[in-house]
Amino acid sequence: MSTVVVMGTQWGDEGKGKVVDYLAEQADVVVRSQGGNNAGHTVVVNEMAHKLQLLPSGILYKGKTCILGNGVVIDPGALITEIKNMQAKGFDTSALRISNRAHVILPYHQLLDEVEEQARGAFKIGTTKRGIGPCYMDKMARVGIRIVDLMDEEEFSAKLERNIAAKNHLLKNVYGVEGFEYEAVRKEYLAYADFLRPYVADTSYILSKAIKADKKVLFEGAQATMLDLDHGTYPYVTSSNPIAGGASVGSGVGPSKLDKIIGVVKAYNTRVGEGPFPTELNDEIGNQIRETGHEYGTVTGRPRRCGWLDACVVRYAGHLSGIDYMAITRLDILDELETLKLCVGYKYKGEIIGEYPASLKVLAAVEPVYEEFAGWKTSTCAIRKYEDLPLNARKYLERLSEVAEIPLGIVSVGPNRDQTMILKPLF
Ligand code: GDP
Ligand code: IMO
Ligand code: MG
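To start, this report covers the structure provided alongside it. (Residues numbered from 1 in each chain as written. Chains lettered and ligands numbered in written order. Predicted model: local features only at pLDDT ≥ 70, side-chain atom pairs only at ≥ 80, totals over all residues. Heavy atoms only, no water.)

Let's shift gears to unusual backbone geometry. A negative phi angle is the norm for most residues apart from glycine, just as the trans form is the norm for most peptide bonds. Backbone torsion omega between Tyr 234 and Pro 235 reads 10 degrees, so that peptide bond is classified as cis. Tracing the sequence through the fold places Pro 235 in the loop between β10 (217-220) and α9 (244-249). Residues other than glycine seldom take positive phi values, yet Arg 142 does so here, at roughly 65 degrees. By secondary structure assignment, the location of Arg 142 is in the loop between α4 (132-140) and α5 (147-150). Positive phi values are uncommon outside glycine, yet His 294 reaches one of about 45 degrees. The topology assignment puts His 294 in the loop between α10 (284-292) and β13 (305-307). (Helix = DSSP H or I, 4+ residues; strand = E, 2+ residues; numbered from the N terminus.)

In structure tokens:
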């Protein structure tokens, strides 16, 4: 198998970065296909935590080609800061390649993200305010500015001038805030262009060549299934497609070339931002999970909402992405619990429903059906073989696998590389 997609099954922060980092050792190329610096992937290497937002996790290894595909939205200032930070820590960033078709986040996108959220009032989404939604809006509206435009002073200046005029009008007349000065933004971004120029390429060809040469390619998902624009809890979603299909569109690699799909499943549920969350725990157990797991957002520092693991969500993710194996993460965070609950179905108006509800009204009214499991009350951090996990932990995972209809592939019991058990060869 030469290509592996690693994607989130829940509401993000499942530990995709850790799983990608683990698998990246064997990969030649690591690709991001969607999202932007709304993602926050923490990877721990030799006790040192690296927080990555745009750079693929493969950047932590020497000699791996790291690609930001056409489906990614790029804030050049944020990307340059991240590149410089990694260089200052001694990492080599020379093998980074940025798609010339990726879209550029501009200052008006960030401001629009902020004022649109304010205007939503009680219906706010709880975005990361990085300008992600407004940038994808421009892409869809066919007025976006791409990296290829940014590299061409004349093209960039003309597009920016038109866009700034339109956005300033909107900002002033609809939201009552000051807009941006064309020349200042132009100068700032042309300086970014000079810095980024050596990294820019037509990345779909790089990927195509790598796949033809039987190199190993790893696709690093950002966000997750329930935040997917089409299939998540719309409108409380992000503006891209984190499901496995997004890897194909967002990198320019045909779907027939995606060999294995790995769905990352946190051993419990979290959600940051607004929107439905059927198994949310607004009680002591929820607090305990948040504190034990340090469940605070990497990007915004917001406390994450915590709840029981929801096998309905994982099953839905498996169905949407054709997940071959699950990578379970953070099992160790549950080590001290007396009892655990696993949601195995949703009841609506007294009946079990088979399909994941599209209507948020229905989703708000569903009643999770739980199965209870005895805790294992012992540390799993040092366990390296699946058979050595406590029986109660295995029972919990095996029931999840049964309800979600996806086999177990990886189990992770800590943030470090060695705290990983491989049940199935994935590459
Ligand atoms: P991502 O956005 O999906 O990459 O996930 P985040 O990086 O936002 O959040 C996952 C956090 O859990 C990171 O701090 C990881 O270092 C950490 N992590 C990953 N796997 C494990 C695990 O099995 N156990 C523990 N305790 N931490 C883990
Ligand atoms: P990783 O890759 C968790 C959430 C935001 C908000 C919604 C829309 O680290 O798993 P956006 O700024 O994208 O328009 O916000 O999506 N969100 C994430 N939640 N993990 C992420 O990324 C997220 N990226 C966006 O909190 O609810
Ligand atoms: Mg994250």
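Read on for the rest.
With that out of the way, let us pick up the site of ligand 1. Lys 16, Thr 42, Arg 330, Asp 332 and Ser 412 are the nearest of the 20 residues found near ligand 1. Here Asp 13 contributes a side-chain N or O atom positioned 2.9 Å from an oxygen atom of ligand 1. Val 413 places a polar main-chain atom, nitrogen or oxygen, 3.5 Å from an oxygen atom of ligand 1. The protein chains hide 92% of the 580 Å² of surface that ligand 1 would expose on its own. Mapped by element, the contributors of at least two residues to the shell around ligand 1 are α1 (16-24) and β3 (41-45). (Near = heavy atom within 4 Å. Polar contact = N/O pair within 3.5 Å; in protein donor to acceptor, adjacent residues only side chain to side chain. Areas by Shrake-Rupley, 256 points an atom, 1.4 Å probe, with all protein chains shown as cover.)

As a further point, take the side chain of Asn 100. Position of Asn 100 relative to the elements: it lies in the loop between β7 (96-99) and β8 (103-104). When residues no more than four places from it in sequence are discounted, the contact partners of Asn 100 are Arg 146, Ile 147, Val 148, Val 200, Ala 201 and Asp 202. (Contact = heavy atoms within 4.5 Å.)

All right, on to helix α13 (residues 391-404) then. Taking 1.5 Å of rise per residue, 14 residues should cover 20 Å, and α13 covers 20 Å from first to last C-alpha, within 8% of that figure. Restricting attention to buried positions, one finds in α13 the residues Ala 393, Tyr 396, Leu 397, Leu 400, Ser 401, Val 403 and Ala 404. Just downstream of α13 lies Glu 405, where phi reads positive at about 60 degrees. (Expected span 1.5 Å × (residues − 1). Buried < 20%, exposed > 50% of the residue type's maximum accessible area, 1.4 Å probe, protein only.)

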